[in-house]
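Letter by letter, the chains look like this.
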Amino acid sequence: MSSPFISPDAIRSLFCSALSSMYRTEVPLYGDLVQLVDEVNAEAIAKHDGFEGEELKREMEENRLKVERHGAIRVGKPSELHTLRRLFALMAMHPVNYYDLSIAGLPVHATAFRPITPDSLTINPFRVFTSLLREDLIEDSRVREITRERLAQREIFQRETVELITKAESQGGLTEAEAKELVRFAMETFRWQSDALVEKDVYDELKDAHSLVADIVAFKGPHINHLTPRTLDIDAVQARMPEKHIESKHVIEGPPNRQCPILLRQTSFQAVQEPIYFPDPRVADGKVVGFHRARFGEIEQRGVALTPAGLELYQRLMADAERELAAVAKELAGRPVDNATRQGVLQKHFQAFPDTWEELRARQLAYFRYVRSTRATRRPSMLEGTSQPIDTLIDQGIIRVEPIVYEDFLPASAAGIFHSNLGDLKNLTIRQGGPEKEAFEAALGAKVMDGNALYQAQQLESMTGMLESMRSNVRANVGKGGVQSVF
Ligand code: OOG
Ligand code: NI
């Protein structure tokens, strides 16, 4: 009998699409960005027509690109993170990697909920970067007290959301109707709520301590603060923003432009200023107006996932480049280094990072998927009697190698993105704390997975899967031509 439940992948797609529609109406900038990204992606794909195989732009990728988004939210207390983990699990999204943002002066730590299997990622690679406030890093004891007290009172989930999560866990899934209900109620948690949880003077006090604390504690819900489409050419999108009257403000985070994109390049745009209403019993309608900046636009370009050796090289070159950029900034006497200068310095340092797929693979700097090429399917006799190294089979076009996309985030870029959108951080003092991964996992109610281990497993599985399929191909031909050896 077929299952009465819809697949977690389908629930994720419903959720992501509902969120995207909601965000489009809430933040018009998002709709404009998506339109521009779609245009640039279509052009990039057209330009690379016929160059299949090695490129990241496989056909599958093109399908996934149209829906690919990542969002971000910030929650205040452990129980909120815990319920989010249960909610996302129903959509086959699991916590991958631990991000300690205290090193960047931010009183939060984070993970990203995302699909983890290649099939799931192909269907819809939706991810949510999720931060949890670290009360222990708030310097001011009064602000810490307010934070604790206000967060204790708030409930960011609808009763129905929690009931449906519990139901799904006990019955092993959700019917399509139940899944739609879940998505509808869950949207309430993610949407913008302009009625603040706290009074104006409390908001001001929180904001004075740290605008991130105000953004997390002063509201009734953890409004999704951006929803990012993925582009194939971030430089082109950046260059064409003025055409669409979108103000591009910040430098591109991450590595420079390359023939073979690596990791993640991102750029974000100044958050919109929005009215918020504080409760105030002294005025006639019980509310006073104020303003808050929380929601912003962002785009990203994803490249190949790097091995630990590749990451080490990346970090070393980035550190060298940042040192040079710091010297440039000094000469500018406080004026920010512009994007062109930054990219030039990065390009120079990244000459030392191999930029062909062959070399990245040979030096084991990046992860690849090994697939049997269609040539091998059509000409099984090519495999008979062979005992050849994998590199020869790749050279002969029998095995095709494809880069594995980096599905995670970069701590330094994430920190930069927080900073560029929090406005002026008047008083950026937080306690020095160091990572608290165990406390984070205790709140989550699960261990965070290791992104690197996932890429490694994916590479290995593709290799064993491919070898197995070649063996059975050879076996099928025994008797037709006589096979002496199988690898
Ligand atoms: C999250 C910032 C991190 C990214 O793309 O690195 C992020 C936030 O501002 O809440 O989304
Ligand atoms: Ni982001």
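Thresholds, definitions, all that
- Residues numbered from 1 in each chain as written.
- Chains lettered and ligands numbered in written order.
- Predicted model: local features only at pLDDT ≥ 70, side-chain atom pairs only at ≥ 80, totals over all residues.
- Heavy atoms only, no water.
- Near = heavy atom within 4 Å.
- Polar contact = N/O pair within 3.5 Å; in protein donor to acceptor, adjacent residues only side chain to side chain.
- Areas by Shrake-Rupley, 256 points an atom, 1.4 Å probe, with all protein chains shown as cover.
- 1 Å grid on protein atoms, 1.4 Å probe; cavity = no way out; pocket = protein on both sides within 12 Å on 5 of 7 lines; lining within 4 Å.
- Sits in = over half its atoms within 2 Å of the grid points.
- Nonpolar A, V, L, I, M, F, W, Y, C, P; charged D, E, K, R; others polar.
- Points joined across faces, edges and corners; volume = space filled by probe spheres on them.
- Helix = DSSP H or I, 4+ residues; strand = E, 2+ residues; numbered from the N terminus.

Right, let's get into the site of ligand 1. If you check the shell around ligand 1, you find 13 residues, and the closest are His 70, Arg 74, His 226, Gln 266 and Glu 298. Between ligand 1 and Arg 74 there is a distance of 2.7 Å, counted from an oxygen atom to a side-chain nitrogen or oxygen. Taking Asn 225, its side chain carries an N or O atom lying 3.1 Å from an oxygen atom of ligand 1. For ligand 1, whose unbound accessible area comes to 320 Å², protein coverage reaches 100%. With respect to the detected pockets, ligand 1 is housed in the largest cavity. Considering only residue class, the shell around ligand 1 consists of 7 nonpolar, 4 polar and 2 charged.

To find leftover empty space, a probe the size of one water molecule is rolled over the atoms. What the rule picks out here adds up to 3 cavities of 30 Å³ or more. Forming the walls of the largest cavity are 15 residues, and the residues nearest its centre are Ala 72, Phe 129, His 226, Ile 417 and Phe 418. Broken down by secondary-structure element, the contributors of at least two residues to the lining of the largest cavity are strand 1 (69-75), strand 4 (127-133) and helix 17 (411-421). Counting residues per element, the lining of the largest cavity draws most heavily on strand 1, at 4 residues. For the lining of the largest cavity, the residue count by class is 8 nonpolar, 5 polar and 2 charged.

Don't take any of this as a statement about function, it's just geometry.
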